[in-house]
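# Examination of the molecular architecture
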Amino acid sequence: MREYIPSGQIFVVAPFGGFCAPSLQSATTQYRNTHPNDTRVAFLNLGPTAQKGVMAQVPSGTAQSYDGIHPDVATHRALGFQLAAAMQTALGRNDLNGDGKPDIVFQNQTTHQIAVWFMDGARVIGGKLLGLVPGAGYRVVGTGDFNRDGQTDLLFQDDASGTLVLWYMNGTSYAGGSVVSAVPQAGYHVESVADFDGDGRPDVALRNANGNIALWHLDGGSVFFTESLSLRLDPAFRIAGPR
């Protein structure tokens, strides 16, 4: 496996969980068992939800081929978004220095400044204080690749108005931003960021003090679908993950 890629991360991908997925996973597991020091080999089974996400992103009326060896261009592009999201999850969603390992984001509750610890497992290997400071009342409530450029972005919520704001990041440098197209109902706060519908784009889960939970499906800073969960959470509980 390392003959052509002597270093760097290797992903073995089963696009929709069907074509040769068991054989690919078995071969990857066998390699990792016989090469325990090579930790940069991962198996990604995008699964059936990836097909749903691809179908949602290919324009209506475009010829769609999902199980052929060479699907059409639009399908390739949509599949790329799925793969990028899965790769980012496998590498560590909160990777702000591009080393493939999750980092820790802090926010000062008084000055609102944002700091990052660059991590290597449980070891702090560096850190940085972001040059830009959010406005008073804006808290970091989640991270994710909201504009699908392979970088970890920051999601803020204003405690007073509930307004959601995105900072698009290039590592630890601010590269632009946007205000999310809708404002949550009063009392709803973001408690989780994850790809809940499997379309390769981060979504958010919001909860109010009564335990009601709403899911917002996002396309960058645009809310294209909202739904409320049928079960109500005991108000004594908060959403602990995914964050």
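Going by the structure above, here's the rest.
In this report, we go over the structure that sits alongside the text. (Residues numbered from 1 in each chain as written. Predicted model: local features only at pLDDT ≥ 70, side-chain atom pairs only at ≥ 80, totals over all residues. Heavy atoms only, no water.)

Let's shift gears to the environment of Asn94. You can see Asn94 is positioned in the loop between α3 (73-91) and β3 (104-107). Relative accessible area serves as the criterion here: at 23%, Asn94 is assigned to the partly exposed category. Sequence spacing of Asn94 and Asp145 is 51 residues, and the spatial spacing of their C-alpha atoms is 9.3 Å. In contact with Asn94, not counting residues within four places along its chain, are Pro102, Asp103, Thr143 and Thr152. (Helix = DSSP H or I, 4+ residues; strand = E, 2+ residues; numbered from the N terminus. Buried < 20%, exposed > 50% of the residue type's maximum accessible area, 1.4 Å probe, protein only. Contact = heavy atoms within 4.5 Å.)

In this section: the sheet that holds strand β5 (residues 123-129). The 3 strands are arranged β3-β4-β5 in an open sheet whose pairing can be described as antiparallel. Looking along the sheet, the strands with just one partner apiece sit at the ends: β3 and β5. Going across the sheet, the axis of each strand differs from the next one's by a mean of 25 degrees, ignoring polarity. Summarising the sheet, β3 and strand β4 (residues 114-120) pair through 4 bridges and their orientation is antiparallel. From the neighbouring strand, Gln107 faces β4, where its bridge partner is Ile114. (Pairing = 2+ DSSP bridges. Axes fitted to C-alpha atoms, helices over the stretch in contact; angles between N-to-C directions.)

Counting residues in each nonpolar core, the largest one holds 16 residues, and the members touching the most others are Phe146, Leu155, Val180, Val190, Val204, Trp216 and Leu218. Going through the elements one at a time, β8 (164-170), β10 (189-194), β11 (203-207) and β12 (213-219) are the ones with two or more residues in this core. Setting aside anything within four residues of it in sequence, one finds Trp216 in contact with Leu164, Val180, Ala182, Val183, Pro184, Asp203, Val204, Leu206, Val223, Phe225 and Thr226. Counting 10 residues, the second-largest nonpolar core is a separate cluster that includes Ile114, Val116, Leu154 and Val165. (Core = buried A, V, L, I, M, F, W, Y, C linked by side-chain atoms within 4.5 Å.)

In space, the 4 strands of this open sheet follow the order β6-β7-β8-β9, with antiparallel pairing throughout. The open sheet has two edge strands, β6 (138-144) and β9 (173-179), and neither has a second partner. Averaged over all neighbouring strand pairs, the angle between strand axes comes to 25 degrees, with direction disregarded. Looking at chain direction, β6 and strand β7 (residues 153-158) are connected through 6 bridges and run antiparallel.

Counted according to the given criterion, the structure contains 5 salt bridges. Among the salt bridges present, the one from Glu191 reaches Arg238, with a minimum N-O distance of 3.1 Å. Linking Glu191 in strand β10 with Arg238 in the segment after β13 (222-228), this pair joins segments that are 47 residues apart in sequence. Judged by relative accessible area, which is 3%, Glu191 ranks as buried. Relative accessible area serves as the criterion here: at 59%, Arg238 is assigned to the exposed category. Ionic pairing is found between Arg201 and Asp219, a salt bridge with its closest N-O pair at 3.4 Å. A residue pair is termed long-range when its members are at least 10 positions apart, and Arg201 in the loop between β10 and β11 and Asp219 in strand β12 qualify at 18 residues. Of the residues examined, Arg201 reaches a relative accessible area of 10% and is grouped as buried. It is possible to trace a salt-bridge network through shared partners that takes in Glu191, Arg207 and Arg238. (Salt bridge = Lys/Arg side-chain N within 4 Å of Asp/Glu carboxyl O.)

Turning our eyes to something else, we now look at the side chain of Asp197. The residue Asp197 is located in the loop between β10 and β11 in this model. Reaching out from Asp197, the side chain makes a polar contact with the side chain of His217 at a distance of 3.0 Å. (Polar contact = N/O pair within 3.5 Å; in protein donor to acceptor, adjacent residues only side chain to side chain.)

Moving on, we come to the packing of aromatic side chains. Inspection of every chain in the model, using the stated rule, returns 3 aromatic pairs. Relative to Trp167, the ring of Phe156 has its centre 4.6 Å away and its plane inclined at 55 degrees; by these criteria the two rings are tilted. One end of the pair, Phe156, is in strand β7; the other, Trp167, is in strand β8, and 11 residues separate them in sequence. Assessed through its relative accessible area of 1%, Phe156 is described here as buried. Relative accessible area serves as the criterion here: at 8%, Trp167 is assigned to the buried category. Taking 5.4 Å as the distance between ring centres and 75 degrees as the angle between the ring planes, the aromatic pair formed by Trp167 and Tyr174 counts as edge-to-face. Judged by its relative accessible area of 42%, Tyr174 is partly exposed. Put simply, the rings of Phe156, Trp167 and Tyr174 touch in pairs and so form one group of aromatic residues. (Phe/Tyr/Trp six-rings, centres within 6.5 Å; stacked < 30°, edge-to-face > 60°.)

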